[in-house]
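Descriptive analysis of the structure
So the chains spell out like this:
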Amino acid sequence: MLRLEGLHTYYGHGHILQGVDLEVPAGRIAAVLGRNGVGKTTTMRSIVGLTPPRSGKVLIGEQNVAGWAPHRIVRVGVGYVPEGRLIFPDLTVVENIQVAQRVPARQWSMERLFTLFPGLAERRRSKGSQLSGGEQQMLAIARALVTDPRVILLDEPSQGLAPLVVEELTRMIVRLRQEGVTLLLVEQNLKLAEAVADLVYVMVKGQMVYHAPLERFRSEREDVMAKYLTL
(Lines give C-alpha, C1' and ligand atoms only; values in the text may rest on other atoms or scores of the structure.)
Protein backbone atom coordinates (compact mmCIF):
# COMPACT_ATOMS: atom_id res chain seq x y z
CA MET A 1 0.00 0.00 0.00
CA LEU A 2 2.69 2.51 1.08
CA ARG A 3 6.32 1.98 0.17
CA LEU A 4 9.34 4.27 0.43
CA GLU A 5 12.44 3.44 -1.59
CA GLY A 6 15.74 5.23 -1.11
CA LEU A 7 14.21 8.51 0.05
CA HIS A 8 16.60 11.47 0.34
CA THR A 9 15.28 14.78 1.67
CA TYR A 10 17.14 18.00 2.46
CA TYR A 11 16.48 21.21 4.37
CA GLY A 12 18.77 23.62 2.56
CA HIS A 13 22.17 21.96 2.70
CA GLY A 14 21.12 19.69 5.56
CA HIS A 15 20.78 16.07 4.42
CA ILE A 16 17.94 14.89 6.68
CA LEU A 17 16.64 11.65 5.13
CA GLN A 18 19.49 9.50 3.93
CA GLY A 19 18.03 6.66 1.89
CA VAL A 20 14.87 5.80 3.85
CA ASP A 21 13.21 2.49 2.99
CA LEU A 22 9.86 1.54 4.54
CA GLU A 23 6.79 -0.51 3.68
CA VAL A 24 3.28 -0.61 5.17
CA PRO A 25 1.06 -3.37 3.72
CA ALA A 26 -2.62 -2.67 3.17
CA GLY A 27 -4.69 -2.85 6.36
CA ARG A 28 -1.64 -2.81 8.63
CA ILE A 29 -0.12 -0.31 11.05
CA ALA A 30 3.59 0.46 11.07
CA ALA A 31 5.11 2.48 13.92
CA VAL A 32 8.31 4.50 13.52
CA LEU A 33 10.24 5.01 16.76
CA GLY A 34 13.21 7.29 17.29
CA ARG A 35 14.63 10.14 19.30
CA ASN A 36 13.78 13.77 18.58
CA GLY A 37 15.45 15.19 15.50
CA VAL A 38 16.22 11.95 13.65
CA GLY A 39 13.91 12.65 10.69
CA LYS A 40 10.57 11.08 11.64
CA THR A 41 8.44 14.14 10.89
CA THR A 42 10.49 14.88 7.77
CA THR A 43 9.59 11.39 6.57
CA MET A 44 5.89 12.21 6.97
CA ARG A 45 6.30 15.58 5.25
CA SER A 46 8.21 13.96 2.40
CA ILE A 47 5.43 11.42 1.84
CA VAL A 48 2.67 14.06 1.72
CA GLY A 49 4.68 16.53 -0.38
CA LEU A 50 5.21 19.30 2.16
CA THR A 51 8.98 18.76 2.04
CA PRO A 52 9.55 17.09 -1.33
CA PRO A 53 12.39 14.56 -1.49
CA ARG A 54 15.26 15.18 -3.88
CA SER A 55 15.42 11.52 -4.85
CA GLY A 56 13.79 8.19 -4.14
CA LYS A 57 10.24 6.90 -4.49
CA VAL A 58 7.02 7.34 -2.53
CA LEU A 59 4.71 4.61 -3.79
CA ILE A 60 0.98 4.59 -3.04
CA GLY A 61 0.01 1.25 -4.46
CA GLU A 62 2.13 1.25 -7.61
CA GLN A 63 1.96 5.00 -8.21
CA ASN A 64 5.08 7.02 -7.47
CA VAL A 65 3.96 10.36 -5.99
CA ALA A 66 7.39 11.63 -4.87
CA GLY A 67 7.63 15.35 -5.49
CA TRP A 68 3.92 15.83 -6.24
CA ALA A 69 2.07 18.80 -4.78
CA PRO A 70 0.33 17.97 -1.47
CA HIS A 71 -3.20 18.40 -2.85
CA ARG A 72 -2.51 15.82 -5.58
CA ILE A 73 -1.11 13.35 -3.04
CA VAL A 74 -4.20 13.75 -0.85
CA ARG A 75 -6.38 13.03 -3.89
CA VAL A 76 -4.68 9.68 -4.53
CA GLY A 77 -5.48 8.63 -0.97
CA VAL A 78 -3.09 9.97 1.68
CA GLY A 79 -4.53 11.46 4.87
CA TYR A 80 -2.20 13.45 7.12
CA VAL A 81 -2.63 14.16 10.83
CA PRO A 82 0.26 16.50 11.65
CA GLU A 83 2.09 16.90 14.91
CA GLY A 84 0.27 19.53 16.94
CA ARG A 85 -3.07 18.75 15.23
CA LEU A 86 -3.38 22.18 13.51
CA ILE A 87 -7.15 22.40 13.58
CA PHE A 88 -8.91 25.69 12.81
CA PRO A 89 -9.67 27.33 16.19
CA ASP A 90 -12.50 29.57 14.94
CA LEU A 91 -14.37 26.85 13.02
CA THR A 92 -16.81 24.42 14.58
CA VAL A 93 -16.18 20.67 14.70
CA VAL A 94 -18.42 20.15 11.68
CA GLU A 95 -16.77 23.00 9.76
CA ASN A 96 -13.27 21.67 10.49
CA ILE A 97 -14.26 18.36 8.95
CA GLN A 98 -16.05 19.95 6.00
CA VAL A 99 -12.94 21.96 5.11
CA ALA A 100 -11.21 18.70 4.14
CA GLN A 101 -14.25 17.21 2.40
CA ARG A 102 -13.55 18.05 -1.24
CA VAL A 103 -16.28 15.69 -2.44
CA PRO A 104 -18.93 13.80 -0.41
CA ALA A 105 -17.22 10.95 1.45
CA ARG A 106 -18.16 7.49 0.25
CA GLN A 107 -16.62 5.49 3.09
CA TRP A 108 -16.24 7.92 6.01
CA SER A 109 -19.38 10.04 6.01
CA MET A 110 -20.04 12.62 8.73
CA GLU A 111 -22.52 10.20 10.34
CA ARG A 112 -19.97 7.38 10.44
CA LEU A 113 -17.31 9.69 11.85
CA PHE A 114 -19.63 10.77 14.67
CA THR A 115 -20.32 7.09 15.41
CA LEU A 116 -16.56 6.46 15.68
CA PHE A 117 -16.05 9.66 17.71
CA PRO A 118 -19.17 10.09 19.89
CA GLY A 119 -17.44 12.82 21.90
CA LEU A 120 -17.16 14.92 18.75
CA ALA A 121 -20.82 14.31 17.96
CA GLU A 122 -21.74 15.85 21.30
CA ARG A 123 -19.56 18.89 20.54
CA ARG A 124 -20.28 19.27 16.85
CA ARG A 125 -21.22 22.94 17.23
CA SER A 126 -18.23 23.83 19.43
CA LYS A 127 -15.33 25.78 18.00
CA GLY A 128 -11.93 24.15 17.73
CA SER A 129 -10.52 26.46 20.40
CA GLN A 130 -13.13 25.18 22.88
CA LEU A 131 -12.04 21.54 22.58
CA SER A 132 -9.67 19.70 24.89
CA GLY A 133 -6.36 18.40 23.53
CA GLY A 134 -7.81 14.92 23.21
CA GLU A 135 -10.89 16.19 21.39
CA GLN A 136 -8.70 18.20 19.03
CA GLN A 137 -6.67 15.08 18.24
CA MET A 138 -9.82 13.09 17.47
CA LEU A 139 -11.01 15.96 15.27
CA ALA A 140 -7.72 15.99 13.37
CA ILE A 141 -8.09 12.26 12.71
CA ALA A 142 -11.73 12.67 11.66
CA ARG A 143 -10.66 15.44 9.26
CA ALA A 144 -8.17 13.05 7.65
CA LEU A 145 -10.70 10.21 7.43
CA VAL A 146 -13.35 12.29 5.64
CA THR A 147 -11.08 12.34 2.57
CA ASP A 148 -11.52 8.53 2.31
CA PRO A 149 -7.76 7.89 2.46
CA ARG A 150 -6.04 4.67 1.48
CA VAL A 151 -3.37 5.36 4.10
CA ILE A 152 -3.22 7.75 7.07
CA LEU A 153 -0.05 9.35 8.45
CA LEU A 154 -0.24 9.99 12.21
CA ASP A 155 2.55 12.18 13.57
CA GLU A 156 3.02 12.01 17.37
CA PRO A 157 -0.71 11.71 18.14
CA SER A 158 -0.22 11.23 21.89
CA GLN A 159 1.93 14.33 22.35
CA GLY A 160 0.73 16.47 25.25
CA LEU A 161 -2.22 14.22 26.11
CA ALA A 162 -3.10 12.91 29.57
CA PRO A 163 -2.66 9.14 30.15
CA LEU A 164 -6.41 8.46 30.16
CA VAL A 165 -6.79 10.29 26.86
CA VAL A 166 -3.89 8.30 25.39
CA GLU A 167 -5.74 5.12 26.36
CA GLU A 168 -8.81 6.36 24.49
CA LEU A 169 -6.64 7.24 21.50
CA THR A 170 -5.13 3.75 21.57
CA ARG A 171 -8.58 2.15 21.48
CA MET A 172 -9.57 4.37 18.57
CA ILE A 173 -6.47 3.43 16.53
CA VAL A 174 -7.15 -0.26 17.21
CA ARG A 175 -10.70 0.31 15.97
CA LEU A 176 -9.35 1.87 12.77
CA ARG A 177 -7.14 -1.17 12.20
CA GLN A 178 -10.20 -3.39 12.63
CA GLU A 179 -11.91 -1.26 9.98
CA GLY A 180 -9.04 -2.03 7.59
CA VAL A 181 -7.39 1.40 7.66
CA THR A 182 -3.69 1.45 6.73
CA LEU A 183 -1.64 3.63 9.10
CA LEU A 184 1.89 4.93 9.41
CA LEU A 185 2.43 6.10 12.99
CA VAL A 186 5.32 8.21 14.28
CA GLU A 187 5.33 7.95 18.05
CA GLN A 188 7.63 8.23 21.07
CA ASN A 189 5.10 6.59 23.38
CA LEU A 190 6.34 3.01 23.26
CA LYS A 191 3.29 1.65 25.09
CA LEU A 192 0.92 3.11 22.51
CA ALA A 193 3.06 1.95 19.58
CA GLU A 194 3.21 -1.62 20.89
CA ALA A 195 -0.54 -1.66 21.53
CA VAL A 196 -1.45 -0.85 17.92
CA ALA A 197 1.41 -1.66 15.55
CA ASP A 198 1.88 -4.71 13.34
CA LEU A 199 5.37 -3.58 12.27
CA VAL A 200 7.99 -1.54 14.11
CA TYR A 201 10.70 0.60 12.54
CA VAL A 202 13.48 2.44 14.36
CA MET A 203 15.01 5.56 12.87
CA VAL A 204 18.47 6.97 13.64
CA LYS A 205 20.06 9.97 11.89
CA GLY A 206 17.81 9.90 8.84
CA GLN A 207 17.93 6.14 8.24
CA MET A 208 15.77 3.18 9.20
CA VAL A 209 18.23 1.05 11.16
CA TYR A 210 15.81 -1.62 12.37
CA HIS A 211 12.47 -3.10 11.38
CA ALA A 212 10.59 -6.17 12.52
CA PRO A 213 7.11 -7.56 13.08
CA LEU A 214 5.73 -6.59 16.47
CA GLU A 215 6.27 -9.97 18.11
CA ARG A 216 9.95 -10.06 17.13
CA PHE A 217 10.39 -6.46 18.33
CA ARG A 218 8.91 -7.42 21.70
CA SER A 219 11.41 -10.24 22.05
CA GLU A 220 14.29 -7.93 21.09
CA ARG A 221 13.00 -4.78 22.79
CA GLU A 222 15.68 -4.43 25.46
CA ASP A 223 18.53 -4.78 22.97
CA VAL A 224 16.88 -2.40 20.48
CA MET A 225 16.20 0.17 23.18
CA ALA A 226 19.74 0.01 24.50
CA LYS A 227 21.29 0.25 21.04
CA TYR A 228 19.10 2.89 19.39
CA LEU A 229 16.62 4.58 21.71
CA THR A 230 18.28 5.13 25.10
CA LEU A 231 19.86 8.55 25.64
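Everything that follows concerns the structure shown earlier in this document.
Bear in mind the structure is a predicted one, so any value in this text is a computation, not a measurement.

Each value, and the rule that gives it
- Residues numbered from 1 in each chain as written.
- Predicted model: local features only at pLDDT ≥ 70, side-chain atom pairs only at ≥ 80, totals over all residues.
- Heavy atoms only, no water.
- Phe/Tyr/Trp six-rings, centres within 6.5 Å; stacked < 30°, edge-to-face > 60°.
- Lys NZ or Arg CZ within 6 Å of the ring centre and 35° of its normal.
- Pairing = 2+ DSSP bridges.
- Helix = DSSP H or I, 4+ residues; strand = E, 2+ residues; numbered from the N terminus.
- Contact = heavy atoms within 4.5 Å.
- Axes fitted to C-alpha atoms, helices over the stretch in contact; angles between N-to-C directions.
- Buried < 20%, exposed > 50% of the residue type's maximum accessible area, 1.4 Å probe, protein only.
- Right-handed = clockwise from strand over helix to strand, strands pointing away.
- Parallel < 35°, antiparallel > 145°, perpendicular 65-115°, else oblique.
- Left-handed = near helix turned anticlockwise from the far one by under 90°.
- Nonpolar A, V, L, I, M, F, W, Y, C, P; charged D, E, K, R; others polar.
- Expected span 1.5 Å × (residues − 1).
- Bend = angle between axes of the 7 residues up to and from the residue.
- Polar contact = N/O pair within 3.5 Å; in protein donor to acceptor, adjacent residues only side chain to side chain.

Under the definition given, this model contains one aromatic pair. Cation over ring: Arg-54 sits above Tyr-10, and NZ or CZ is 3.9 Å from the ring centre. For Arg-72, the ring lying beneath its charged end belongs to Trp-68, and the centroid distance is 3.9 Å.

Further remarks concern the sheet that holds strand β2 (residues 14-24). Ordered in space as β2-β1-β4-β5, the four strands form an open sheet in which the pairing is antiparallel. Across the chains shown, the open sheet's two edge strands, defined by having one partner strand only, are β2 and β5 (63-64). Of the strand pairs in this sheet, strand β1 (residues 2-11) and strand β4 (residues 55-60) are connected by five bridges, and their pairing is antiparallel. Counted as the bridge partner of Arg-3 is Leu-59 from β4. Across the sheet, helix α1 (residues 40-48) lies against β1, β2 and β4, angled at about 110 degrees from β1, the strand it touches most.

Taken in spatial order, the six strands line up as β6-β7-β8-β3-β9-β10 in an open sheet, and their pairing is mixed. If you trace the sheet from one side to the other, it starts and ends with β6 (78-81) and β10 (207-213), each paired once. Going from strand to strand, the sheet's axes swing by 15 degrees on average, the running direction of each strand aside. Taken together, the six bridges between strand β9 (residues 199-204) and β10 define a ladder with antiparallel strand orientation.

The next thing to look at is the environment of Val-204. Residue position: Val-204 is located in strand β9. On a C-alpha basis, the gap between Val-204 and Gly-37 in space is 8.9 Å, while along the polypeptide they are 167 residues apart. With near-sequence residues (within four places) excluded, Val-204 lies in contact with Val-38, Val-209 and Tyr-228.

In terms of burial, strand β8 (residues 182-186) is a largely internal element, five of the five residues being buried. Side-chain alternation along β8 places Thr-182, Leu-184 and Val-186 on one buried face and Leu-183 and Leu-185 on a second face that is also buried. Where strand β3 (residues 29-33) lies against β8, four bridges are found, and the strand directions are parallel. Considered in β8, the bridge of Ala-31 is made with Leu-185. Across five bridges, strand β7 (residues 151-155) lies against β8 in parallel orientation. When the bridges of β8 are listed, Leu-153 appears paired with Leu-184. A crossover connection joins β7 to the parallel β8 through helix α7 (residues 163-178); in handedness this β-α-β unit is right-handed.

What follows is about the packing of helix α6 (residues 133-145) against α7. As a packed pair, α6 and α7 sit with axes 10 Å apart at the nearest point and diverge in direction by 15 degrees. Taken as axis vectors, α6 and α7 run roughly parallel relative to one another. Remark: the crossing between α6 and α7 carries right-handed chirality. Residues Gly-134, Gln-137, Met-138, Ile-141 and Leu-145 of α6 pack against Val-165, Glu-168, Leu-169, Met-172 and Leu-176 of α7. Residues that form the contact of α6 with α7 fall into these classes: seven nonpolar, two polar and one charged.

Under the 1.5 Å per step criterion, the end-to-end length of helix α9 (residues 214-229) is only 16 Å for 16 residues, more than 12% shorter than the ideal 22 Å. Glu-220 marks where α9 bends most, by close to 70 degrees. Buried within α9 we find Leu-214, Phe-217, Val-224, Tyr-228 and Leu-229. Buried-residue contacts for α9 involve β3, α8 (190-196), β9 and β10.

Quick look at the side chain of Thr-182 now. Relative to the helices and strands, Thr-182 is located in strand β8. The class for Thr-182 is buried, based on a relative accessible area of 2%. There is a polar contact of 2.7 Å between the side chain of Thr-182 and the backbone nitrogen of Gly-27. In contact with Thr-182, not counting residues within four places along its chain, are Met-1, Val-24, Pro-25, Ala-26, Gly-27, Arg-28, Arg-150, Val-151 and Ile-152.

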